[in-house]
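Secondary and tertiary structure notes
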Amino acid sequence: RVPREQLVGQENQGLSMALSTINQSRVGISSMSLGMAKEGLALGWQYAHERALGRGTVADMQVTQHALADMQIAIYAAESMVYRTAMMADAGDNIEMEASVCKVFATEAADRVIDRSLQIHGGVGYVRGSEIERLYRDHRVQRIYEGTSEVQRNNIYRVMGRSAPA
């Protein structure tokens, strides 16, 4: 039992407060993933344009150009989602579902971007101590804390069940 004068917030509202905090945190993780994805793209872009291959560079290959374009598409979509969800949070809206959607999308998009960037780097990208290897390793945890992607999907479905999907 907690004495009434030592309650934080209103009685019986602890779960609601905790969820509000965790939803904010999920938007923060989404933002970190967005930044890591942008760094992954920058590293891939730089390497592709510097690494000689035949008479040109790795960037002259259409497969590399498509990979870089796909990375930009993923970043644009994640950025749009992160900013929209952050604006909703700032406005005081309930972002229970949006925070989960944003976290799943942004973290998984960042995984794809960083993985493609490492692929562009080839073997040198896998060498311990390279910038892209560090980013690849450091980002992986983003899909785990504050609720795994699977937990987020459960949450999204649960919230969807309250009303018809939009």
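Residues numbered from 1 in each chain as written. Predicted model: local features only at pLDDT ≥ 70, side-chain atom pairs only at ≥ 80, totals over all residues. Heavy atoms only, no water.

Thoughts on the pattern of salt bridges
Here the structure, examined in full by the defined rule, presents 11 salt bridges. Ionic pairing is found between Glu133 and Arg128, a salt bridge with its closest N-O pair at 3.3 Å. Exposure remark for Glu133: the relative accessible area of 8% places this residue in the buried category. Several salt bridges share partner residues, and in doing so they unite Arg128, Glu133, Arg134, Arg137 and Asp138 into one network. (Salt bridge = Lys/Arg side-chain N within 4 Å of Asp/Glu carboxyl O. Buried < 20%, exposed > 50% of the residue type's maximum accessible area, 1.4 Å probe, protein only.)

Here's the deal with the packing of helix 1 (residues 14-50) against helix 2 (residues 62-90)
Two numbers describe how helix 1 lies on helix 2: the axes approach to 10 Å, and their chain directions differ by 160 degrees. Here helix 1 lies roughly antiparallel to helix 2, going by the angle between them. When you trace helix 1 past helix 2, the crossing you get is left-handed. Residue composition of the contact of helix 1 with helix 2, by class: 13 nonpolar, 9 polar and 2 charged. (Axes fitted to C-alpha atoms, helices over the stretch in contact; angles between N-to-C directions. Helix = DSSP H or I, 4+ residues; strand = E, 2+ residues; numbered from the N terminus. Parallel < 35°, antiparallel > 145°, perpendicular 65-115°, else oblique. Left-handed = near helix turned anticlockwise from the far one by under 90°. Nonpolar A, V, L, I, M, F, W, Y, C, P; charged D, E, K, R; others polar.)

What to know about the environment of Ser16
By the secondary structure assignment, Ser16 is in helix 1. Residues Ser16 and Gln46, 30 residues apart in the sequence, show an inter-C-alpha distance of 45 Å.

Here we look at the packing of helix 1 against helix 4 (residues 131-139)
Two elements in contact, helix 1 and helix 4, have axes separated by 10 Å at closest approach and are oriented at 155 degrees. Relative to helix 4, the element helix 1 lies roughly antiparallel. For helix 1 against helix 4, the interelement crossing comes out left-handed. Of helix 4, the residues touching helix 1 (which contributes Ser33, Met36, Glu39, Gly40 and Leu43) are Glu131, Ile132, Leu135, Asp138 and His139. Classifying every residue of the contact of helix 1 with helix 4 gives 4 nonpolar, 3 polar and 3 charged. (Contact = heavy atoms within 4.5 Å.)

As for the nonpolar core
If you look at the biggest cluster of nonpolar residues, it comprises 26 residues, and the most contacted ones within it are Val113 and Ile120. Elements supplying a minimum of two residues to this core: helix 1, helix 2, helix 3 (96-121) and helix 4. Looking at this core, the element that brings in the most residues is helix 3, giving 8 residues. Every residue in contact with Ile120, bar those within four places of it in the chain, is listed here: Gly44, Tyr47, Ala48, Val58, Thr64, Ala67, Leu68 and Met71. Among the nonpolar cores identified, the runner-up in size contains 5 residues, and Met88, Ala89, Ile95 and Ala99 belong to it. (Core = buried A, V, L, I, M, F, W, Y, C linked by side-chain atoms within 4.5 Å.)

Considering the side chain of Gln142
Here Gln142 is to be found in the loop between helix 4 and helix 5 (149-160). At 3.3 Å, the side chain of Gln142 and the side chain of Tyr145 are in polar contact. In this view, Gln142 contacts Ile29, Met32, Ser33, Met36, Lys103 and Thr107; residues no more than four positions away in its chain are not counted. (Polar contact = N/O pair within 3.5 Å; in protein donor to acceptor, adjacent residues only side chain to side chain.)

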